[in-house]
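One-letter residues, chain by chain:
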Protein chains: 2
Amino acid sequence: MNAAVPFPLDLPELDFEAAGGTRIRRSILPGGIRILSESVPGARSATIGFWVAVGSRDEYLAESAVSGQGSTHFLEHLLFKGTPSRSALDIAVAFDAVGGDSNAMTAKEFTCYYAKVRDQDVPMAIGVLADMFTNSVIDDSEFETERGVILEELSHAADDPGDVAGNALFESVFGTHPLGRPVGGTPETIEQTTRSGVWDHYRHHYRPDELVISVAGAVDHDDLIDLVNQSLEGAQWRLDPEATPVARRSLGAGTFSGTRRLQTIARPIEQVHLMLGMPGLVASDPDRVIVSMLNAILGGGMSSRLFTEIRERRGLAYSVYSFAGAHSDAGMQGMYAACSPRNAAEVAQLMQAELQKLADVPVSDEELARAYGQLSGRAALSLEDSDVRMSLLGRAEITLGEYLDLDENLRRLASVTAADIATMAARLVAQPQSIVAVGAVDDDLFANVVTNKE
Amino acid sequence: MNAAVPFPLDLPELDFEAAGGTRIRRSILPGGIRILSESVPGARSATIGFWVAVGSRDEYLAESAVSGQGSTHFLEHLLFKGTPSRSALDIAVAFDAVGGDSNAMTAKEFTCYYAKVRDQDVPMAIGVLADMFTNSVIDDSEFETERGVILEELSHAADDPGDVAGNALFESVFGTHPLGRPVGGTPETIEQTTRSGVWDHYRHHYRPDELVISVAGAVDHDDLIDLVNQSLEGAQWRLDPEATPVARRSLGAGTFSGTRRLQTIARPIEQVHLMLGMPGLVASDPDRVIVSMLNAILGGGMSSRLFTEIRERRGLAYSVYSFAGAHSDAGMQGMYAACSPRNAAEVAQLMQAELQKLADVPVSDEELARAYGQLSGRAALSLEDSDVRMSLLGRAEITLGEYLDLDENLRRLASVTAADIATMAARLVAQPQSIVAVGAVDDDLFANVVTNKE
């Protein structure tokens, strides 16, 4: 079957069979808590995610606001530091003792706490994640110790030239838009973050009607509801039986126009980490499927055009690829390569030329078929991991409110034509372009590389 | 069932059921080619590996030898560059067109070419890998282009302070032993590598009696044998029906004694990448199971002693762990942390103290049980990936010649006692210890950190 299943916020129950014979169910519990499950026949493990649609973009920078830059990520760390009934060590021991894989990720538009465990350990994982999510104490002294850990994490990223380039590209392309800020904040903002600011952030956002729980793998939906209900008994949450989930983030076209900017960041290292980027498509744009096909052809594998031109024919780089990122009201199209400083200008020009070529000359039927084969094969392989299914389910719920199963995704990919890709490439080429280079380079090196159409 | 299955080189066929209901079979084909499969019920994909027990340690440095430092890894790259019937692009297209994941790894004692694909694509993957392995042309001009790619790969590693520290630790601990050299060579040796040297290396080592093919997932052993036979028809290999596999690398205790050395490598970066290492156990040592338990307790998870002392209590590092590596005649026990220069000496002392504590005070029953739970849970989760099963099967064949299934591994882990761990820790503490620090540090910073027992 082809399934594009809507997740309306006012409809409590959904139950359908998805591609490959998995069963997807969704319920809304009292308090507006959303629970989604994908039961995979034969699975022996499961991945559990606790989500809130709150990310770094939601941090206010004004002094009067509840939180400062980097506090969403700071809070993510603190949730592992203890509740009234579990110390930080207890939480760590709970997952370690069963060999579970537990972690969290803070993104620009959401935060997710997750654990992958064997089937027998699912009740434990839900219990611990629910306790962390609802009952964090955010102890003063733990707060100060964790500040040091986060500063080390930021130092690690500052020493990674690829990370530095990525953050700089977001800043260049998105400018003053909140999506332009780094997820983790800066050492300065982390030094200034207060326990009370993070506490307010926690109380303000970690509420029943913001919570989305998605589970994939060896899971039964009714059991899951029971487990969540039991786990929330200790939460002292007032679960209003009439409550509905909070409205989703509003979707729409971006209001920013991007910048034409060259940003070189000097570092005494051997390689230059080079990124080109421009405004791309927002998450709700139906043409994102075209962008997926475009990137498979442009920079998605060992046979992609960037790989062939830059690595295989010329030997200029070891790592080279293209990518797209989509958020509720903004998106980015980008390209990346790491190369010698002496080749950086040439590599930048080759990147520009390859995107331009996609706009000028329609791709062949063979390339189109190969891109479809690549994306469909990768999707099928990736769905073997319950982590991937858990993540797709959670994101569908908090971003678009619609879930596409594999068959529906393939149907949409197959509908993309060569003309669609040329039109999309032309649209991207016409956007203001930013170039970021981190390494032993300066602006002069790129004198002959023009950011487009100035 | 508990299964420790020997893979004798003179016994052509083996067939047994392993833990979890998988079926493991092994055959020796004409020419001495070894084929191993693990059929996993319900799997929809498979991972295929082509192995040779030839790694960077087997490179001779004398001028008269067949290969220079880094040529094993260079050869690995070149196998993707074409055969008489497939160009480099054809090879890339073959895997990309089905969304397969194809790559290779060169290690100190082996090289492996692998692909993960859907069940329907297994015949293609075997055909392409067999062609790459047996018919590489190693074209002159492709050779020169790939030299550039490899130099970029080395530059990338040189810019990664964790990689730099790891290579330096091997050099410090193993000294002039061939395992002390970096896998990829150095820019100098890569500049000097000749096409004829790599060609000789290829012809000398990539032979039927050196080849091991391991496949796990959706695979039938008899079909696999047919596929391999068909694929090798174009190989112009003389497959002697009487041939047996070449003898395995001889196993034994190391002949090196390690060094007490402090090595600081100055880099203008924010963090110090700190590693402590000492000679550890060889691959054939039955006590390696004790080392596994020791490292789970010392630095294997969020509840481990290093994580608790260095990150959770003191906030000195974001990343900290311990590890063990085992080779045929040498092994290493190590610890890693990245931290601020001002804390580097303290972190080094904390690492030393935690290892010493394991030698001085027996671990509690609770910690022992937790370590067992962690390793058994992780093993069960990791076996969901056909890549992991393929790799375990291939390594068992080329290193020890014995395969342990999950039940047998668990039985051995469960047999480890607190006294075993204390004895092992004492044995490791008594080894000469090397310290490596990469970052804004110098030797003086470590004046109060003594490499042990000088």
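Calculation criteria
Residues numbered from 1 in each chain as written. Chains lettered and ligands numbered in written order. Predicted model: local features only at pLDDT ≥ 70, side-chain atom pairs only at ≥ 80, totals over all residues. Heavy atoms only, no water. Salt bridge = Lys/Arg side-chain N within 4 Å of Asp/Glu carboxyl O. Helix = DSSP H or I, 4+ residues; strand = E, 2+ residues; numbered from the N terminus. Pairing = 2+ DSSP bridges. Axes fitted to C-alpha atoms, helices over the stretch in contact; angles between N-to-C directions. Buried < 20%, exposed > 50% of the residue type's maximum accessible area, 1.4 Å probe, protein only. Contact = heavy atoms within 4.5 Å. Domains from an automatic or database assignment. Buried area = accessible area lost by both parts, 1.4 Å probe. Polar contact = N/O pair within 3.5 Å; in protein donor to acceptor, adjacent residues only side chain to side chain. Least-squares fit on C-alpha atoms with pLDDT ≥ 70 in both.

Novice: It is not clear to me how the pattern of salt bridges should be interpreted in this structure. Could you clarify?
Specialist: Opposite charge on two side chains makes pairing possible when the charged atoms of those side chains draw close. Counted under the stated rule, the structure contains 67 salt bridges over all chains. Here E309(B) and R313(B) are joined by a salt bridge, their closest N and O atoms 2.4 Å apart. Placement of both E309(B) and R313(B) in helix 10 (residues 305-313) is noted, with a separation of four residues, approximately one turn of the helix. A salt bridge links E366(B) to R370(B), with the nearest nitrogen and oxygen atoms 3.7 Å apart. With E366(B) and R370(B) both in helix 12 (residues 365-382) and four residues apart, this pair spans about one turn of that helix. It is possible to trace a salt-bridge network through shared partners that takes in R57(A), D58(A), E109(A), R249(A) and D329(A).

Novice: What's the story with the sheet that holds strand 8 (residues 212-217) of chain A in this structure? I'm lost.
Specialist: Remark on secondary structure: sheet strands pair via backbone hydrogen bonds, oriented parallel or antiparallel. All names here are of chain A. The seven strands are arranged 2-3-4-8-5-7-6 in an open sheet whose pairing can be described as mixed. Two strands lie at the open edges of the sheet, namely strand 2 (14-17) and strand 6 (101-106), each paired on one side alone. The average undirected angle you get between the axes of adjacent strands in this sheet is 10°. In the sheet, strand 4 (residues 34-39) pairs with strand 8 via six bridges, with the strands oriented parallel. Within strand 8, the residue paired with E38 across the bridge is A216.

Novice: Teacher, can you tell me more about the pairing of strand 10 (residues 272-279) of chain A here?
Specialist: Moving residue by residue along a regular strand, the side chains alternate between the two faces of the sheet. All names here are of chain A. Of all eight residues in strand 10, eight are buried; the element is thus mostly enclosed. Sheet topology places strand 10 next to strand 12 (residues 331-339); eight bridges connect them, and they run antiparallel. Bridging across to strand 12, M278 finds its partner in Q333. Bridging between strand 10 and strand 14 (residues 434-439) involves five bridges; their strand directions are antiparallel. Paired with G277 across the strands is S434, a residue of strand 14.

Novice: Got a minute to help me understand the sheet that holds strand 14 of chain A in this structure?
Specialist: Residue and element names in this part refer to chain A. Strand order in the open sheet made by the five strands is 9-14-10-12-11, with mixed pairing throughout. Lying at the two open borders of the sheet, with one neighbouring strand each, are strand 9 (261-266) and strand 11 (317-326). Along the sheet, successive strands turn relative to each other by an average axial angle of 15°, direction set aside.

Novice: It is not clear to me how the interface of chain A and chain B should be interpreted in this structure. Could you clarify?
Specialist: One frequent convention defines the size of an interface as the accessible area lost when the parts assemble. Listed per partner, the contact involves 59 residues of chain A and 59 residues of chain B. Applying the counting criterion to the chain A and chain B interface returns six salt bridges. One salt bridge connects E146(B) with R311(A), and the closest N-O pair in it is separated by 3.7 Å. Going through the elements one at a time, helix 2 (88-96), strand 7 (111-118), helix 4 (140-158), helix 10 (305-313), strand 11, strand 12 and helix 12 (365-382) of chain A are the ones with two or more residues in the side of chain A that touches chain B. Residue contributions to the side of chain A that touches chain B peak at ten residues, all from helix 4 of chain A.

Novice: How do you make sense of the environment of A107(A) when you look at a structure like this?
Specialist: All names here are of chain A. Mapping A107 onto the fold places it in the loop between strand 6 and strand 7. On a C-alpha basis, the gap between A107 and G55 in space is 5.4 Å, while along the polypeptide they are 52 residues apart. Residue contacts for A107: discarding those within four places in its chain leaves G55, S56 and V183.

Novice: Quick question: what am I supposed to make of the domain arrangement of chain A here?
Specialist: Residue and element names in this part refer to chain A. Along its sequence, chain A is carved into domain 1 (10-232) and domain 2 (262-446). Computed over C-alpha atoms only, the centres of domain 1 and domain 2 are separated by 28 Å. Taken residue by residue, the interface counts 45 residues in domain 1 and 35 residues in domain 2. Contact between domain 1 and domain 2 buries roughly 3,200 Å² in total, counting both sides, with carbon and sulfur atoms accounting for 68%. R57 is the salt-bridge partner of D329, the closest N and O atoms lying 2.9 Å from each other. In this structure, the connection of domain 1 to domain 2 is made through 15 residue pairs in polar contact (both at pLDDT 80 or more). Counting only elements with at least two residues in the side of domain 1 that touches domain 2, the list comes to strand 3 (23-28), strand 4, strand 5 (45-52), strand 7, helix 5 (161-174) and strand 8.

Novice: I tried to follow the relation of the copies chain A and chain B on my own but got confused; where do I start?
Specialist: A rotation about some axis, followed by a shift along it, carries one copy of the chain onto the other. Rotating chain A by 180° about the axis while translating it 0.0 Å along that axis superimposes it on chain B, leaving an RMSD of 0.0 Å. Here the copies are linked by what is in effect a two-fold axis. A shared interface surface links the copies, since 100% of the contact residues of chain A are contact residues in chain B too.

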